[in-house]
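Residue-level structural notes
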Protein chains: 2
Amino acid sequence: MELKPLKSFIAVATLKSFSAAARELHTVQPAISRHIAALEKELGTLLFIRNTRDVHITAAGRQLFTDATRILQQAEEAVLRTQKAANGELGSLKVGYLPSACLTFIPDLVQRFHSQYPDVEISLFEMTASEQLLAFETNHIDIGISRPLPQELQTTFTSQLLYTDQLTLVLPSQHALAQRQSIRLDDLRQEHIILFQREEAVGLFDSIINLCQRHHFSPHISAQPKHMQTVLTMVAAGLGVAIAPLCVSKLFTQGCRFMPIEDDHTQVLTQMHYRSSRLAPTAQAFVNIASESVPWIQNSVQA
Amino acid sequence: MELKPLKSFIAVATLKSFSAAARELHTVQPAISRHIAALEKELGTLLFIRNTRDVHITAAGRQLFTDATRILQQAEEAVLRTQKAANGELGSLKVGYLPSACLTFIPDLVQRFHSQYPDVEISLFEMTASEQLLAFETNHIDIGISRPLPQELQTTFTSQLLYTDQLTLVLPSQHALAQRQSIRLDDLRQEHIILFQREEAVGLFDSIINLCQRHHFSPHISAQPKHMQTVLTMVAAGLGVAIAPLCVSKLFTQGCRFMPIEDDHTQVLTQMHYRSSRLAPTAQAFVNIASESVPWIQNSVQA
DNA sequence: TCACAGTCATACGGATTGAGTATCAATAAA
DNA sequence: TTTATTGATACTCAATCCGTATGACTGTGA
């Protein structure tokens, strides 16, 4: 069964006339007759009872009419939906992100996207950087937001800057240094330093280590949690001090004190990553929206 | 858009291979390539990303896949449904019937039909005979069950006997004759007779009149209700006596007494009627079931 | 490294399909 | 009765679509 004969059938059923149906479909009456005859042969049933003057639909024809109408409508809709999917206006989108770096802007960014692409089902996943890489492998996310990726991944992934942050010192409230307005790196030589796990941000981790080395000390690293919130919790517990992106101050910070580091100007980057090849149209749409939003994101983070 | 290319598309999407799809569809690979190319041209989008080694579906292709699958399935189902409709196994059926004549067997008959034709939506309408004729005109019923039709309608309608009943006398319980075991027509010369409206059963009405005339009296007809229940109510109210089919004894009969008429052997027929031309398949199915059920109906009425 | 096997795309020829023309039979209206 | 219109049918021709042959490309295995 093909759709063209079904269109003829619907025209005949609607207009109750083979000739009129032919005129409507910009063809000739014998073509319509053949379409109907072919359908009737395929179905083994009369669809119309026609003498040369009147055309009456049969019970079988009535049934086919309802089905054929729906089928043709769905065929039309399928075309539109496929085209929308190609434009990223329809489909699904899965985004993984570092909560510590994204909590301030992700809700608004997603809302922006949703208002412009209401038919895209967007799924959000809080993930560490290494979880994101795993999720890329298994196609569980289309887009990941985290720190810059290690060198060797920068060919398979494309990255785009969302905002830049600075480093801050995080001390326990009761710490001896906690009353100062700012601090210098040299002051930290004797401190136990709590750093996040290296895999979560290789570049940042290494540049912090380098920073210490430039000030002629190797930090006493007492733990490497995966989650920034854990870093803060450990600081609050008095287990050490942390050097972390300032954005962590948006997390639960009870018992922590944040203090600028005078002699550091490290730029901490938050980037959006996606596979360089075969970017889903919905993901492309998200990338566009996010790119447009960069100035606004930078603002919202500093506020 | 036609269905054949969609079938090719689904095969390719399923097997992730043009060649394999061709084998599955008993055709050759270039045909598949052309189908996909045609779809892609019509939709203005790539459906697959293929190098000569791998075939990957695109987001647009994924969307089309879900839609196309549904469309093809519905096309198959449409064929089956249309054929079922042609066999009377699917559709609707509207039956009008005289409640007084049918109450005893209609529920079971409908249940028989429904168990054999579960996908037919059957509608029941209590109707007088004249209401049935009107309903036939406006296609509100396919089948009517009532008394034999007047002669002039017996060409446009086909009728089939369901059961035969006999006449009975209905008297008020307090009537002078109410204590007798049976009665003869001659005994009724002085009685006011309540008869149903002539249009509701022309033949029966006239044969009752003739019956009286053969016994040399014209009945004093005091009213002609359309509904048999009204006849009984009027008898119970003492407004007269009635001659009616025995089946009315299944109605609400308080205040009425039924009495055989010794010298009458009139056969009261209950028939199923339908238009001689263009009988809906569902109606044909019902007619068949009803025909098979005739012996059983006859029994159920006499019980 | 190279030949091979298997992929999809493309070009071409032929068969099939399908549309359009002409015409017929039937029927309602004039 | 005539006329106009309907749907069915026969026929012709054109478009389409299939199948074959072939090419370009790429993993695979020797």
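Keep in mind it's a predicted model, so treat the numbers as computed, not measured.

**What to know about the overall build of chain A**
For chain A, the count of helices and strands is 11 helices and 11 strands. The C-alpha atoms of chain A give 32 Å as radius of gyration, which overshoots the globular expectation for 303 residues (19 Å, by more than 25%). Across its three principal directions, the C-alpha atoms of chain A cover 105 × 35 × 30 Å. Scored against the burial criterion, the 303 residues of chain A give a buried share of 48%. If you take every contact in chain A between residues at least 6 apart in sequence, the share linking residues at least 24 apart comes to 74%. Counting every atom, chain A has about 14,800 Å² of accessible surface; 51% of that belongs to carbon and sulfur. A gap of 10 Å separates the mean positions of the 25 positive and 28 negative side-chain charges of chain A.

**Considering the domain arrangement of chain A**
What the domain assignment reports for chain A is domain 1 (3-86), domain 2 (91-162 + 269-302) and domain 3 (165-267). The distance between the C-alpha centroids of domain 1 of chain A and domain 2 of chain A comes to 48 Å.

**Focus on the relation of the copies chain B and chain A**
The transformation that overlays chain B on chain A combines an axial shift of 0.0 Å with a rotation of 180°, and the residual RMSD is 0.1 Å. Both copies of the chain, as the preceding transformation shows, are related through a two-fold rotation axis. In this assembly the copies share their binding face: 100% of the residues contributing to the interface of chain B also contribute to that of chain A.

**Thoughts on the pattern of salt bridges**
In this structure the tally under the stated criterion is 20 salt bridges over all chains. Here Asp67 of chain A ties to Arg81 of chain B by a salt bridge, and the two come within 2.8 Å at their closest N and O atoms. Here the residue Asp67 of chain A occupies a position in helix α4 (residues 59-86), and Arg81 of chain B occupies one in helix α4 (residues 59-86), the pair thus bridging two chains. Accessibility expressed as a relative area gives 21% for Arg81 of chain B, which makes it partly exposed. Where Arg198 of chain A meets Asp206 of chain A, a salt bridge forms, and the shortest distance between an N and an O atom there is 2.8 Å. Each of Asp67 and Arg70 of chain A together with Glu77 and Arg81 of chain B takes part in salt bridges that share partners, so that together they form one network.

**Remarks on the protein's contact with DNA strand C**
In the vicinity of DNA strand C there are 19 residues, among which Thr27 of chain A together with Phe18, Ser19, Ser33 and Arg50 of chain B approach most closely. Atoms of DNA strand C within 4 Å of the protein belong to the sugar or the phosphate in 52% of instances, the rest to bases. The contact in question runs from a phosphate oxygen of DNA strand C to an N or O atom on the side chain of Ser19 of chain B, over 2.2 Å. Breaking the surface near DNA strand C down by element, the ones donating at least two residues are α3 (29-43) of chain A together with α2 (18-24) and α3 (29-43) of chain B. In terms of residue count, α3 of chain B provides more of the surface near DNA strand C than any other element does, 4 residues in total.

**With respect to the nonpolar core**
In globular proteins that are soluble, nonpolar side chains generally tend to be buried together. The biggest cluster of nonpolar side chains holds 50 residues, and the ones touching the most others in it are Phe9 and Phe48 of chain A together with Phe9 and Phe48 of chain B. Contributions of two or more residues to this core are made by α1 (3-15), α2 (18-24), α3 and α4 of chain A together with α1 (3-15), α2, α3 and α4 of chain B. When neighbours within four sequence positions are excluded, Phe48 of chain A is seen to be in contact with Phe9, Val12, Ala13, Phe18, Ile36, Glu40, Val55, His56, Ile57 and Thr58 of chain A.

**A look at the interface of chain B and chain A**
In many analyses, interface size is given as the accessible surface area lost on bringing the parts together. Chain B puts 29 residues into the contact, and the matching count from chain A is 29 residues. A combined buried area of about 2,700 Å² lies between chain B and chain A, and 63% of that area is made up of carbon and sulfur atoms. For the interface between chain B and chain A, the tally reads 2 salt bridges. Taken together, the links from chain B to chain A amount to 11 residue pairs in polar contact (both at pLDDT 80 or more). Of all the elements in the fold, those that place two or more residues in the side of chain B that touches chain A are α1, α3 and α4 of chain B. By residue number, the principal contributor to the side of chain B that touches chain A is α4 of chain B, which donates 16 residues. Looking at the side of chain B that touches chain A residue by residue, the class counts come to 16 nonpolar, 6 polar and 7 charged.

Calculation rules
Residues numbered from 1 in each chain as written. Chains lettered and ligands numbered in written order. Predicted model: local features only at pLDDT ≥ 70, side-chain atom pairs only at ≥ 80, totals over all residues. Heavy atoms only, no water. Helix = DSSP H or I, 4+ residues; strand = E, 2+ residues; numbered from the N terminus. Rg over C-alpha atoms; globule rule 2.2 N^0.38 Å. Buried < 20%, exposed > 50% of the residue type's maximum accessible area, 1.4 Å probe, protein only. Contact = heavy atoms within 4.5 Å. Areas by Shrake-Rupley, 256 points an atom, 1.4 Å probe, with all protein chains shown as cover. Lys, Arg positive; Asp, Glu negative; His and termini not counted. Charge placed at Lys NZ, Arg CZ, Asp CG, Glu CD. Domains from an automatic or database assignment. Least-squares fit on C-alpha atoms with pLDDT ≥ 70 in both. Salt bridge = Lys/Arg side-chain N within 4 Å of Asp/Glu carboxyl O. Near = heavy atom within 4 Å. Polar contact = N/O pair within 3.5 Å; in protein donor to acceptor, adjacent residues only side chain to side chain. Core = buried A, V, L, I, M, F, W, Y, C linked by side-chain atoms within 4.5 Å. Buried area = accessible area lost by both parts, 1.4 Å probe. Nonpolar A, V, L, I, M, F, W, Y, C, P; charged D, E, K, R; others polar.

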